[in-house]
Amino acid sequence: MSAFRFSNGHVATSSGVLDGAEISVERGTIRDISPLTDASDAVDLGGGWVLPGFIDTQVNGGGGVLFNDSLNVDGIAAIGAAHARFGTTGFLPTLISEDMKAIAAALEAVDAAIEAGIPGVLGAHIEGPVLNPARKGIHDAAKFRRLDEALVAVLTKPRRGRVVLTVAPECVELADIRTLTRAGVIVSAGHTDATFEQAEAAFEAGVSGVTHLFNAMPPIYQRAPGIAGATLLDPRPWSGLIVDLEHVAVPVLRIALKMRPFEKLMLVTDAMPSVGSDQPSVTLQGGTIQVANGRCVDADGTLAGSDLNMATAVANCVEALGLTPDRAAVLASANPAAFLGLSHERGALTPGLRAEWVVLDGKLRPVHTHFAEDPAS
């Protein structure tokens, strides 16, 4: 049994925020969390925070590596290490629309990474290629295809981790959604022109996520609320938000916070290889994406993923949206864990869950990320 002691700050447990705490850990699992009674030898947080490790369900790359270009264990490990610096202890390497051979290779690479024990790998996010060309964003529409039996077979093959699939609901049959979800695939709606009625039908059929709400979908009109309106009104799906203050305006983020169940919102980064790297540009499927001032854009000025990390997303929620750090952490930890069906093992600081947390300083900058696999655990 190991004990981790923190003083002079805030420890966000599932039972409330403690000014100081002792976290008892055995074999990577939290056994007990108690208020600190003796501050000797404790880590002085200096007014900072201990939050549950962040879980990011949309990670295109990091550390100079794009998952599309590195469908192997080493590439996944490099991406994970880059995001771990910013508090992410669980993530889904995300494949931007590709052909079926690459999709199969991506899923096999993630299986291999999990088998190899690469920290934080929870599964894969296959974003496309069954998307609407009208809302393609940075995706290459030449890669788009219909959801046929061959693709379903690749997606539903048993895997070691979770499989999230982003589709445009109007481009698939409701029966196909049911087939995927029965096989354990988590289906999310994105890059879509779906009407309100099409979105509601998809939610009823089993779509349980909305990929980067408000982005790559039509805005809400007075006579055409679309999928964004359906998501605001329907409590069933989880919805990702890119809180880099570039993708979605602050007042719109506030609308989402006010209208949606808080437990169904989650932070995602949609991160590109620039996170954890100083490279000024990224190449994606032959095109160049420039990275400057926290933005990733292609030659036409289209947003192309983000230069966002999860610690900054949490800090933005505090500074721009008025959330407390512990509440912001729910969006970054507990809620994505629930979306993935992993609340029984991660997403909160509570006995029985994995010993994974991030230490932030008083300005919410990451100081240290602790994994259950760390030797001290």
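Some points on the sheet that holds strand β17 (residues 265-267)
Reasoning step 1: Here eight strands make up an open sheet; going across it, the order is β8-β11-β12-β13-β14-β15-β16-β17 and the pairing parallel. Edge positions in the sheet fall to β8 (54-59) and β17, since each has one partner strand and no second.
Reasoning step 2: Across two bridges, strand β15 (residues 209-210) lies against strand β16 (residues 238-241) in parallel orientation. When the bridges of β16 are listed, Val 210 appears paired with Ser 239.

Points about the environment of Arg 365
Reasoning step 1: One can find Arg 365 in the loop between β21 (357-360) and β22 (366-370).
Reasoning step 2: Assessed through its relative accessible area of 47%, Arg 365 is described here as partly exposed.
Reasoning step 3: With 59 residues separating them in the primary sequence, Arg 365 and Ser 306 have C-alpha atoms 19 Å apart.
Reasoning step 4: Among all residues touching Arg 365, those that are not within four sequence positions of it are Val 359 and Leu 360.

Quick word on the pattern of salt bridges
Reasoning step 1: Per the counting criterion, the structure on display carries 18 salt bridges.
Reasoning step 2: Arg 159 serves as the salt-bridge partner of Glu 108, at 3.0 Å between the closest nitrogen and oxygen. Of this pair, Glu 108 sits in helix α2 (residues 100-115) while Arg 159 sits in the loop between α3 (149-156) and β13 (162-167), and the two are 51 residues apart along the sequence.
Reasoning step 3: Judged by relative accessible area, Glu 108 falls into the partly exposed class, the value being 37%.
Reasoning step 4: Its relative accessible area of 19% is what places Arg 159 among the buried residues.

A closer look at the side chain of Thr 166
Reasoning step 1: Looking at the secondary structure, you find Thr 166 in strand β13.
Reasoning step 2: A distance of 2.7 Å separates the side chain of Thr 166 from the side chain of Thr 211, its partner in a polar contact.
Reasoning step 3: Contacts of Thr 166, omitting those with residues within four sequence positions, involve His 125, Ile 126, Glu 127, Gly 128, Val 130, Leu 131, Ser 188, Ala 189, Gly 190 and Thr 211.

Describing the environment of Met 259
Reasoning step 1: As for its position among the elements, Met 259 is in helix α7 (residues 250-259).
Reasoning step 2: For Met 259, a relative accessible area of 42% translates into the label partly exposed.
Reasoning step 3: For the pair Met 259 and Leu 232, spaced 27 residues apart in the sequence, the C-alpha separation amounts to 5.9 Å.
Reasoning step 4: The residues touching Met 259, leaving out its near neighbours within four places in the chain, are Leu 232 and Leu 233.

As for α2
Reasoning step 1: Compared with an ideal rise of 1.5 Å per residue, which puts 16 residues at 22 Å, α2 spans 23 Å between its outermost C-alpha atoms and is within 8% of the ideal.
Reasoning step 2: Among the residues making up α2, those that are buried are Ala 102, Ile 103, Ala 106, Leu 107, Ala 109, Val 110, Asp 111 and Ala 113.
Reasoning step 3: Summarising the contacts, the buried residues of α2 are in contact with α1 (73-84), β11 (88-96), β12 (123-127), α3 and β13.
Reasoning step 4: Of the residues flanking the end of α2, it is Gly 117, one or two places downstream, whose phi is positive at about 80°.

Thresholds applied
- Sequence order sets the numbering: in each chain, residues are counted from 1 along the sequence as written.
- Owing to the predicted nature of the model, reporting of local features is limited to residues with pLDDT of at least 70; listing and counting of side-chain atom pairs is limited to 80 or more, with chain, interface and lining totals taken over all residues.
- Computation of side-chain values covers all heavy atoms of the structure but excludes hydrogens and water.
- Strand pairing is assigned whenever DSSP identifies at least 2 bridges connecting the two strands.
- In this text, helices come from DSSP runs of H or I with a minimum length of four residues, and strands from runs of E with a minimum of two, each type numbered from the N-terminal end.
- Think of it in three bands: with a 1.4 Å probe and only protein chains considered, a residue is buried below 20% of the maximum accessible area for its type, exposed above 50%, and partly exposed in between.
- Note on contacts: a residue pair qualifies if any of its non-hydrogen atoms lie within 4.5 Å across the two residues.
- The salt bridge definition used is simple: a Lys or Arg side-chain nitrogen within 4 Å of an Asp or Glu carboxyl oxygen.
- Any pair of nitrogen or oxygen atoms within 3.5 Å is treated as a polar contact; in protein, a donor-acceptor pairing is required on top of that, and neighbouring residues in sequence qualify only through side-chain atoms on both sides.
- One less than the residue count of a helix, multiplied by 1.5 Å, gives the span that helix is expected to have.

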